[in-house]
Amino acid sequence: MRVKLAGYVHLARMIDKCRAVLAGTEGEYIYPCPMDIRLLEYAGITDEQFTAAVQESPTDEGVAEWFRLSAKHHSGTELNEWNETMLKRGPSTPEKQDYFNKLRDAVDPSRTDLTAWSDLQDLEEGRSVPPRTTER
């Protein structure tokens, strides 16, 4: 999720998930999930438009270029702030916190330091997640 494509965190992951859904190989992926919807709303793009762009472009770079040209304009500062917010975003309700904890505990119950969905996704997908402090 941390990889930026066209300046946006999560865009590369969203392309992968959309391609998996289109191919019928999504497994546990959910597209569009709440994080996808946040990115799409920020960009002013619908999931239908995004899905069509992914269907039409054989490369991630092609989708990224379409996204860059189609998205609402945001200043570099606004985009950096939005990216940071996405990377720090954690569960927003007690129910979502319970779900987060269940997913985390299934992978590594010792990682009670994790509070952000982005860290949980990295942990689930086998990427290194350094220990987090309360100041992240």
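Above this text you will find the structure in question.
**Brief notes about the packing of helix α1 (residues 11-23) against helix α4 (residues 60-70)**
- One way to put it is that α1 packs onto α4 with a least axis distance of 11 Å and a crossing angle of 115 degrees. Crossing of α1 over α4 shows right-handed handedness. For the pair α1 and α4, contact is made by Leu11, Met14, Ile15, Asp16 and Arg19 and by Asp60, Val63, Ala64 and Phe67, respectively.
- For the contact of α1 with α4, the per-class residue count stands at six nonpolar, no polar and three charged.

**Concerning the pattern of salt bridges**
- Per the stated rule, a full pass over the model turns up 10 salt bridges.
- Across the pair glutamate 125 and arginine 13 runs a salt bridge, and its minimum N-O distance is 2.3 Å. Of this pair, glutamate 125 sits in the segment after α7 (117-124) while arginine 13 is found in helix α1, placing the two residues 112 residues apart along the sequence.
- Residue classification places glutamate 125 among the partly exposed residues on the basis of a relative accessible area of 34%.

**Considerations on the layout of surface pockets**
- Size it by volume and the largest pocket reaches roughly 670 Å³.
- In terms of lining residues, the largest pocket is bounded by 21 residues, among which Ile30, Tyr99, Leu103, Trp117 and Gln121 are the most central.
- Counting only elements with at least two residues in the lining of the largest pocket, the list comes to α1, α2 (34-43), α6 (94-107) and α7.
- With four residues, the single largest contributor to the lining of the largest pocket is α7.
- Split by residue class, the lining of the largest pocket holds 10 nonpolar, three polar and eight charged.

**Considering the packing of α2 against helix α5 (residues 76-88)**
- At a minimum axis distance of 12 Å, the contact between α2 and α5 shows a crossing angle of 170 degrees. Our classification of the angle between α2 and α5 gives roughly antiparallel. Mapping the contact onto sequence places Met35, Arg38, Leu39 and Tyr42 in α2 and Glu78, Leu79, Trp82 and Met86 in α5.
- Residue composition of the contact of α2 with α5, by class: six nonpolar, no polar and two charged.

**Structural notes on α7**
- Judged by how many residues are buried, α7 sits mostly within the fold: seven of eight residues are covered.
- For α7, the complete set of buried residues consists of Trp117, Ser118, Asp119, Leu120, Gln121, Asp122 and Leu123.
- In the core, the buried residues of α7 are packed alongside α1, α2, α5 and α6.
- Phi for glycine 126, located one or two positions after α7, is positive at around 80 degrees.

Conventions used here
- Residues numbered from 1 in each chain as written.
- Predicted model: local features only at pLDDT ≥ 70, side-chain atom pairs only at ≥ 80, totals over all residues.
- Heavy atoms only, no water.
- Axes fitted to C-alpha atoms, helices over the stretch in contact; angles between N-to-C directions.
- Helix = DSSP H or I, 4+ residues; strand = E, 2+ residues; numbered from the N terminus.
- Left-handed = near helix turned anticlockwise from the far one by under 90°.
- Contact = heavy atoms within 4.5 Å.
- Nonpolar A, V, L, I, M, F, W, Y, C, P; charged D, E, K, R; others polar.
- Salt bridge = Lys/Arg side-chain N within 4 Å of Asp/Glu carboxyl O.
- Buried < 20%, exposed > 50% of the residue type's maximum accessible area, 1.4 Å probe, protein only.
- 1 Å grid on protein atoms, 1.4 Å probe; cavity = no way out; pocket = protein on both sides within 12 Å on 5 of 7 lines; lining within 4 Å.
- Points joined across faces, edges and corners; volume = space filled by probe spheres on them.
- Parallel < 35°, antiparallel > 145°, perpendicular 65-115°, else oblique.

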